[in-house]
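Residues per chain, in single letters:
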Amino acid sequence: MEATRRRQHLGAAGGPGAQLGASFLQARHGSVSADEAARTAPFHLDLWFYFTLQNWVLDFGRPIAMIDSFELLYYYDEYLGHCMWYIPFFLILFMYFSGCFTASKAESLMPGPALLLVAPSGLYYWYLVTEGQIFILFIFTFFAMLALVLHQKRKRLFLDSNGLFLFSSFALTLLLVALWVAWLWNDPVLRKKYPGVIYVPEPWAFYTLHVSSRH
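Residues numbered from 1 in each chain as written. Predicted model: local features only at pLDDT ≥ 70, side-chain atom pairs only at ≥ 80, totals over all residues. Heavy atoms only, no water.

1. So, the overall build of the chain
Assigned secondary structure in the chain consists of 9 helices and 2 strands. Written out in order from the N terminus, the α and β elements of the chain read α-α-α-α-β-α-α-β-α-α-α. In the chain, of all internal contacts separated by at least 6 residues, the share reaching a separation of at least 24 is 80%. (Helix = DSSP H or I, 4+ residues; strand = E, 2+ residues; numbered from the N terminus. Contact = heavy atoms within 4.5 Å.)

2. Focus on the packing of aromatic side chains
According to the stated counting rule, one finds 16 aromatic pairs in the structure shown. Ring geometry for Y124 and Y125: centres 5.5 Å apart, planes at 55°, overall tilted. The exposure class assigned to Y125 is buried, which follows from its relative accessible area of 1%. Plain terms: the ring middles of F142 and F143 are 5.8 Å apart, the flat faces sit at 65° to each other, and that makes the pair edge-to-face. (Phe/Tyr/Trp six-rings, centres within 6.5 Å; stacked < 30°, edge-to-face > 60°. Buried < 20%, exposed > 50% of the residue type's maximum accessible area, 1.4 Å probe, protein only.)

3. Focus: the side chain of E131
By the element assignment, E131 lies in helix α5 (residues 112-132). A distance of 3.1 Å separates a polar side-chain atom of E131 from the backbone nitrogen of W204. Apart from residues no more than four positions distant in its own chain, E131 is found in contact with E202, P203 and W204. (Polar contact = N/O pair within 3.5 Å; in protein donor to acceptor, adjacent residues only side chain to side chain.)

4. Here's the deal with the UniProt feature "transmembrane region" (unreviewed entry) in the chain
Here the UniProt feature "transmembrane region" (unreviewed entry) sits at residues 79-97, 133-151 and 163-185. Along residues 133-151 the backbone is 89% helical and 0% strand, and the end-to-end C-alpha distance reaches 29 Å. The span residues 163-185 shows a helical share of 91% and a strand share of 0%, and its end C-alpha atoms are spaced 33 Å apart. (UniProt positions renumbered as here; feature names shortened; annotations may be inferred.)

5. Focus: the environment of W126
Turning to its location among the elements, W126 is positioned in helix α5. Its relative accessible area of 13% is what places W126 among the buried residues. Separated by 54 residues in the primary sequence, W126 and W180 place their C-alpha atoms 9.3 Å from one another.

6. Considering the nonpolar core
A general tendency of soluble globular proteins is for nonpolar side chains to be buried together. Counting residues in each nonpolar core, the largest one holds 32 residues, and the members touching the most others are F90, F97, Y125, L128, L166, F170 and L190. F90 has contacts with L128, I134, L137, F138, T141 and F170, leaving out every residue within four places of it along the chain. Counting 5 residues, the second-largest nonpolar core is a separate cluster that includes A114, L117, V118 and F165. (Core = buried A, V, L, I, M, F, W, Y, C linked by side-chain atoms within 4.5 Å.)

7. Quick look at the side chain of S169
Among the secondary structure elements, S169 is positioned in helix α7 (residues 161-183). According to the relative accessible area criterion, S169 is buried, its value standing at 0%. When near neighbours in sequence (up to four residues on either side) are disregarded, S169 contacts V118, S121, G122 and Y125.

8. Notes on α5
With 21 residues, α5 extends 31 Å from end C-alpha to end C-alpha; this agrees with the ideal 30 Å at 1.5 Å per step. The sharpest bend along α5 reaches about 30° and sits at V118, with the proline P120 one to four residues further on. (Expected span 1.5 Å × (residues − 1). Bend = angle between axes of the 7 residues up to and from the residue.)

9. With respect to the packing of helix α6 (residues 135-154) against α7
In contact at an axis separation of 11 Å, α6 and α7 are set at 135° when each is read in the N-to-C sense. It follows that α6 is oblique to α7 by the angle criterion. As for how α6 packs across α7, the hand of that crossing is left-handed. In this structure, α6 contributes F135, F138, I139, T141, F142, M145 and L146 to the contact, and α7 contributes L166, F167, F170, A171, T173, L174 and V177. A class-by-class count of the residues in the contact of α6 with α7 yields 12 nonpolar, 2 polar and no charged. (Axes fitted to C-alpha atoms, helices over the stretch in contact; angles between N-to-C directions. Parallel < 35°, antiparallel > 145°, perpendicular 65-115°, else oblique. Left-handed = near helix turned anticlockwise from the far one by under 90°. Nonpolar A, V, L, I, M, F, W, Y, C, P; charged D, E, K, R; others polar.)

10. Considerations on α7
Counted at 1.5 Å a residue, the expected span for α7 with its 23 residues is 33 Å, and the 33 Å between its end C-alpha atoms agrees. Of the residues making up α7, those classed as buried are S161, N162, G163, F165, L166, F167, S169, F170, T173, V177, W180 and V181. One side-chain oxygen at the N-terminal end of α7 lies 3.2 Å from the backbone nitrogen of N162; it belongs to D160.

This is how it looks when you write it as C-alpha cells:
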C-alpha cells in the first residue's frame, strides 16, 4: 500500500512537468516531421552526370570500336536489343519520372549544374533515338510524361529539379530530332534507304554516305 501511494504521489507531483515535457517533445517531433514532409529530393548531380557520361562512352564509342569479331554482338544489339534494352530503359525512366513531383511551386526550379547537363543529355537521347530507330517508343514516352505533368498539375503538384531535368532533356531531344529530319528531308540517298512513313535517318548512315565516302 505504501509503495502504491508513493508511486501515485510521485506521479501527481511530476504530472504537470511530465505532461509539459511530453507536449514539447510531441510538438518538436511533429514540426520535424512536417519539415521533412515538405522537403523535396535535391538535384542528383552526381547521378545524372555519371549516367550521361556513361551513356555517351558506351553508346557512342561502341560503333567506333566495333570490329568483325563482334558481329554476333552487333547483331544482338541492333535487333534483339530493341526489345530487351530500349523498352525497359524508357519504362524505368518513366517510373522514375512519375515520382519527381512536389507540392511547392517555388521548388520547381533547376539549379545551374542541371541546366549545363541538359544539352549533353538531350544530345545523347537524340543519338539514341535516331541511331537506334526508336522514335515511336520515344515519342510515346514523351507524351506519357506530358500527360502525367498535366494530370498532376490539376492536383497542384509540380515537377521537382530532377523531373524538370529529365523532361527538359526529352523536350530538347524532340527538337533536335525535328531539326535533324527537316535538314535531311530532301536527301535522295537517305530517302531510298529509309522509305517508311516515319523518316528518321541514322547518324552513322549519314556519316557513311556523305562524309566518309568523300575521303
